[in-house]
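Read off the chains here:
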Amino acid sequence: MDIIPDQQPYIQEIPADWYNNKIAGLAMLRLDVIDKDISGNKWYKLKNNITTCVHQEKNTILTFGGGYSNHLSATAAMANKCQLNSIGVVRGKYKKLTPTLEYCKRMGMQLHFVSFEDYKLKDDIDFLTELSKIYNNPYLIPEGGANKEGRIGTERIADIIPNEYSHIVLSVGTGTTLIGIVNNSHIPVLGYAPMKGGKYLNDEVKQYIKPERQTSYLIEDKWNFGGFGKCNELLVEFMNDFYRSTNIPVDRVYTAKMMYGIKEQIFGGFFDSNAKLLCIHTGGLQGNLSIQNQLIY
Ligand SMILES: *Cc1c(COP(=O)(O)O)cnc(C)c1O
């Protein structure tokens, strides 16, 4: 199946005064422009999953996520685009749906709510067998698109990164995208985890990284702003400032924290003056809905 993007990703230079000329260059790979609803890295993970789903002659996708999940909303949109049914197993019960869940519903996703307790079973084989029975043997995608198809799909991102960069910089949730890029590139990769204790991902991803690249990545969790999904005035102000300087909208959960961290590291002398960084815009702008009235974009 051919899945056509709205727009090809491109590389956009960040003006040198944003980093005070402390390094040789900084640019952003705009994966967020690929599709308004299936943005960023989710496009690459899902495209490869859907191809496999269609090969297996299945017409329903079942996946998992919380009430604000970028993965859930991208899956709903991608399934809709490809005329497949989608089922979202949602963590928690909602009296009122979040904007993300409202969107998923509009895209035709059937929502299956489970308690926080049951949601912990999302990778448990008996739980999955039960869900498969209820929904007539759908194609299963784990939370965050974190499976082999996802890891292979995201290798394609490295194809569009020119060799001139000294570092690739990206935000990390499950680590799936980082794995794909590390395995298919020769450039060192820096990951920024937006959750407390996210450094554990350094070990978690290791099993999927090919031997010659095991020392070519590092995941930092310092700029988590209090934890996953947490956001404060400082971060919002940073997002607005970044937009003023670059015209690039970043998302509150992932890419804003990454750019905040990178800026602190640049000004703190972490990089030498020859460094040329390529930051990846992994999308996720739908997540800004909840702070829309505080943003200038
Ligand atoms: C899902 C997501 C990530 C995390 O991707 P992983 O492959 O799970 O590490 C990063 N940035 C954005 C904007 C996302 O939506």
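So, here is what we can say about the structure in this document. (Residues numbered from 1 in each chain as written. Predicted model: local features only at pLDDT ≥ 70, side-chain atom pairs only at ≥ 80, totals over all residues. Heavy atoms only, no water.)

Looking at the side chain of T52
Now for step 1: Tracing the sequence through the fold places T52 in helix 1 (residues 41–55).
Now for step 2: Here T52 falls in the buried class, since its relative accessible area comes to 18%.
Now for step 3: If sequence neighbours within four positions are ignored, T52 has contacts with Y139 and E149. (Helix = DSSP H or I, 4+ residues; strand = E, 2+ residues; numbered from the N terminus. Buried < 20%, exposed > 50% of the residue type's maximum accessible area, 1.4 Å probe, protein only. Contact = heavy atoms within 4.5 Å.)

Some points on the sheet that holds strand 3 (residues 60–65)
Now for step 1: Pairing within the open sheet is parallel, and its four strands lie in the order 5-4-3-6. For this open sheet the edge positions go to strand 5 (110–114) and strand 6 (139–140), each flanked by a neighbour on one side alone.
Now for step 2: With six bridges connecting them, strand 3 and strand 4 (residues 85–91) associate as parallel partners. Bridge pairing links G65 to V90 in strand 4. (Pairing = 2+ DSSP bridges.)

Digging into the pattern of salt bridges
When charged atoms on two side chains of opposite charge get close, those side chains can pair.
Now for step 1: Taken as a whole and judged by the stated rule, the model has nine salt bridges.
Now for step 2: For the salt bridge of D35 with K81, the shortest nitrogen-to-oxygen distance reads 3.6 Å. You can see D35 sitting in the loop between strand 2 (25–30) and helix 1 and its partner K81 sitting in helix 2 (residues 70–81), a full 46 residues away along the chain.
Now for step 3: A relative accessible area of 5% means that D35 is categorised as buried.
Now for step 4: Residues E164 and K276 are paired through a salt bridge, measuring 2.7 Å at the closest nitrogen-oxygen approach. With E164 in the loop between helix 7 (155–159) and strand 7 (167–171) and K276 in strand 10 (residues 276–281), this residue pair connects regions lying 112 residues apart in the sequence.
Now for step 5: Each of K122, D123 and E143 takes part in a single network of salt bridges with overlapping partners. (Salt bridge = Lys/Arg side-chain N within 4 Å of Asp/Glu carboxyl O.)

Let's talk about the side chain of H71
Now for step 1: You can see H71 is positioned in helix 2.
Now for step 2: Exposure remark for H71: the relative accessible area of 4% places this residue in the buried category.
Now for step 3: Sequence-distant contacts of H71, that is, excluding residues within four places in its chain, are made with K42, L46, T63, F64, I141, P142, E143, G144 and G145.

Focus: helix 11 (residues 255–267)
Now for step 1: Relative to the 18 Å expected for 13 residues at 1.5 Å per residue, helix 11 spans 18 Å between its end C-alpha atoms, a close match to the ideal helical length.
Now for step 2: Burial runs high along helix 11: 10 of the 13 residues are buried.
Now for step 3: Next to the buried residues of helix 11 lie strand 2, strand 7, strand 8 (189–192), helix 10 (233–246) and strand 10.
Now for step 4: G269 lies just past helix 11 and shows a positive phi near 80°. (Expected span 1.5 Å × (residues − 1).)

Some details on the sheet that holds strand 7
Now for step 1: The sheet built from six strands is open, its strands ordered 1-2-10-7-8-9 with mixed pairing. Where the open sheet ends on each side, the last strands, each with one partner, are strand 1 (10–13) and strand 9 (217–220). Geometrically, the sheet is characterised by an average inter-axis angle of 25° between neighbouring strands, direction not taken into account.
Now for step 2: In the packing of helix 11 onto the sheet, contacts are made with strand 2, strand 7, strand 8 and strand 10, and the angle to strand 10 comes to roughly 165°. (Axes fitted to C-alpha atoms, helices over the stretch in contact; angles between N-to-C directions.)

Concerning helix 1
Now for step 1: Taking 1.5 Å per residue, 15 residues should reach 21 Å; helix 1 reaches 22 Å between its end C-alpha atoms and fits that length.
Now for step 2: Packed against the buried residues of helix 1 are strand 3, helix 2, strand 6, helix 6 (148–153), helix 7 and helix 8 (176–183).
Now for step 3: Following helix 1 by one or two positions, E57 adopts a phi angle in the positive range, close to 55°.

Quick look at the site of the ligand
Now for step 1: Of all residues adjacent to the ligand, which total 16 residues, the nearest are K42, K45, T174, T177 and T282.
Now for step 2: A distance of 2.9 Å separates an oxygen atom of the ligand from a polar side-chain atom of N41.
Now for step 3: One of the side-chain N or O atoms of T177 is found 2.5 Å from an oxygen atom in the ligand.
Now for step 4: Out of a free accessible area of 380 Å², the ligand has 98% covered by protein chains. (Near = heavy atom within 4 Å. Polar contact = N/O pair within 3.5 Å; in protein donor to acceptor, adjacent residues only side chain to side chain. Areas by Shrake-Rupley, 256 points an atom, 1.4 Å probe, with all protein chains shown as cover.)

Geometry only, nothing functional implied.
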